[in-house]
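Next come the chains, spelled out residue by residue.
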Amino acid sequence: MFEGSGYEHIVKQRVEGSLLARKACLVIAYIMLFTLPSFLVLSFCPMSLVPPLLILIASLTVVAYLMTWRYTSVEFEYSIFGDTISFVSIYGKKSRKGKLDVTIKSFSEIGKYTPAAEKHLEEVVIDKDYLFMSHILAEHLYYGLFDDDGDKCIVYFEATDKAISLLKKYNSSAFRAYEREIRKFAPEPKEKIQNKEDEQA
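Residue positions are counted from 1 within each chain, in the order its sequence is given. Where totals are concerned, whole chains, interfaces and linings use all residues; where local detail is concerned, this predicted model gives features only for residues with pLDDT of at least 70, and gives and counts side-chain atom pairs only at 80 or more. Side-chain numbers come from the whole structure's heavy atoms, not from hydrogens or water.

Peer 1: Would you mind going over unusual backbone geometry with me for this structure?
Peer 2: Backbone geometry at Lys-93 places phi at a positive 65 degrees, although glycine is not the residue there. Helix and strand labels come from DSSP, where a helix needs a run of H or I of at least four residues and a strand needs a run of E of at least two; each type is numbered from the N terminus. Looking at where Lys-93 falls in the secondary structure, it is placed in the loop between strand E4 (84-91) and strand E5 (95-103).

Peer 1: What should I look at first to understand the environment of Val-41 in this one?
Peer 2: Structurally, Val-41 is set in helix H1 (residues 17-44). Using a 1.4 Å probe on the protein chains alone, a residue whose accessible area is under 20% of its type maximum counts as buried, one over 50% counts as exposed, and one in between counts as partly exposed. Taking relative accessible area as the criterion, Val-41 reaches 9% and is therefore assigned buried. With 115 residues separating them in the primary sequence, Val-41 and Tyr-156 have C-alpha atoms 50 Å apart.

Peer 1: Can you help me understand the side chain of His-120 in this one?
Peer 2: Note that His-120 resides in helix H3 (residues 115-122). Apart from the residues lying within four places of it in its own chain, the contact partners of His-120 are Glu-109, Tyr-143, Glu-181, Ile-182 and Phe-185. In this description, contact between two residues means that some pair of their heavy atoms is separated by no more than 4.5 Å.

Peer 1: When you look at the pattern of salt bridges in this model, what are you seeing that I'm missing?
Peer 2: If the charged atoms of two oppositely charged side chains come close together, the side chains can form a pair. We define a salt bridge as a contact between a side-chain nitrogen of Lys or Arg and a carboxyl oxygen of Asp or Glu at a distance within 4 Å. Tallying each qualifying case throughout the model produces five salt bridges. Between Lys-93 and Glu-75 there is a salt bridge whose closest N-O contact spans 3.1 Å. Of this pair, Lys-93 sits in the loop between E4 and E5 while Glu-75 sits in strand E3 (residues 74-81), and the two are 18 residues apart along the sequence.

Peer 1: Before we go on, may I ask you to explain the nonpolar core in this structure?
Peer 2: The tendency in soluble globular proteins is for nonpolar side chains to be buried as a group. Buried Ala, Val, Leu, Ile, Met, Phe, Trp, Tyr and Cys residues form a nonpolar core when they are joined through side-chain atoms within 4.5 Å. Residues Ile-85, Phe-87, Phe-107, Val-155, Phe-157 and Leu-167 are the most contacted members of the largest nonpolar core, which totals 28 residues. Secondary-structure elements contributing two or more residues to this core are strand E2 (6-12), E3, E4, E5, strand E6 (107-112), strand E8 (141-148), strand E9 (151-158) and helix H4 (161-183). When residues in this core are grouped by element, the largest group, six residues, is from H4. Setting aside residues up to four positions removed in sequence, Val-155 forms contacts with Phe-87, Leu-100, Phe-107, Tyr-130, Phe-132, Tyr-142, Tyr-143, Gly-144 and Phe-146.

Peer 1: Got a minute to help me understand H1 in this structure?
Peer 2: A turn of α-helix holds 3.6 residues, and therefore any two residues three or four places apart point the same way. By this rule, a helix spans an expected 1.5 Å times one less than how many residues it contains. A rise of 1.5 Å per residue sets the reference length of H1, with its 28 residues, at 40 Å; its end C-alpha atoms lie 41 Å apart and thus fit the reference within 8%. Of all the residues in H1, the buried ones are Leu-19, Leu-26, Tyr-30, Ser-38 and Val-41. Of the surrounding secondary structure, the elements contacted by the buried residues of H1 are helix H2 (50-68) and E3.

Peer 1: Is there a simple way to explain the confidence of the model for the protein in this structure?
Peer 2: Low-confidence regions, as indicated by low pLDDT, have predicted coordinates that should not be scrutinised in detail. Confidence of the prediction at every residue is given by pLDDT, a number between 0 and 100. With 90% of its residues at a pLDDT of at least 70, the protein reaches an overall mean of 89. Overall, residues 192-198 carries pLDDT values under 50, and its contacts beyond four positions in sequence, including any with other chains, amount to two contacts.

Peer 1: Would you take a moment to explain the packing of H1 against H2 for this structure?
Peer 2: Helix packing for two helices is described by the angle between their axes and how far apart those axes are. Only C-alpha atoms enter the line fits that serve as axes; for helices the fit covers just the stretch in contact. Angles between N-to-C directions range over 0 to 180 degrees. Look at H1 against H2: their axes get within 10 Å of each other, and the N-to-C directions meet at 165 degrees. By the angle class used here, H1 and H2 are roughly antiparallel. The hand of the H1/H2 crossing is right-handed. Where H1 approaches H2, its residues Leu-26, Tyr-30, Leu-33, Phe-34, Pro-37, Ser-38, Val-41 and Leu-42 are matched on the opposing element by Val-50, Leu-53, Leu-54, Ile-57, Ala-58, Leu-60, Thr-61, Ala-64, Tyr-65 and Thr-68. Note that Gly is not counted as nonpolar here; it falls among the polar residues with everything else outside the nonpolar set of Ala, Val, Leu, Ile, Met, Phe, Trp, Tyr, Cys and Pro and the charged set of Asp, Glu, Lys and Arg. Grouping the constituent residues of the contact of H1 with H2 by class yields 15 nonpolar, three polar and no charged. An angle below 35 degrees is treated as roughly parallel, one above 145 as roughly antiparallel, one from 65 to 115 as roughly perpendicular, and anything else as oblique. Helix crossings fall into two classes, left-handed where the near helix is turned counterclockwise from the far one by less than a right angle and right-handed where it is turned clockwise.

Spelled out as structure tokens, the structure:
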């Protein structure tokens, strides 16, 4: 999505793992919030007070739902304006939290998250990680390494062709650094492996 001279992209977090557990816990909490007080009201309160108290309990349950259920619908947005990329989490399509602004030139590495990249990152000491992705197996999952007040940080995001083009425009050296590092962990070509086996035979 474009706005003026900038670029924006949004992905929705897949409902699995902790997000799925959060949904299940909230559903149970809503049921308990309504049924337990209602049971007590029906068991111990005069009949004249039952209707208004049940309405009150139902209203409080609805309020709790409206205030918390939005946190089970999570989207991640990144926007590129000039030489800055900004990341933010969006809950229920309204509440925006956890904004992260990074100057593109401050990235030491930017590249696609592959098995070779995973091996490379295992050797990097990461102090902070930021997840702005739908899921870890996303097809176009990229990462960026940068320093923030002495901390080594990594941000995961899903890059489109347009985003990659803009990132390369402001920091092509980060992509070259990625290529140099990944080359160390890339599997050897089959021809080279075959040649080694022939030499050992």
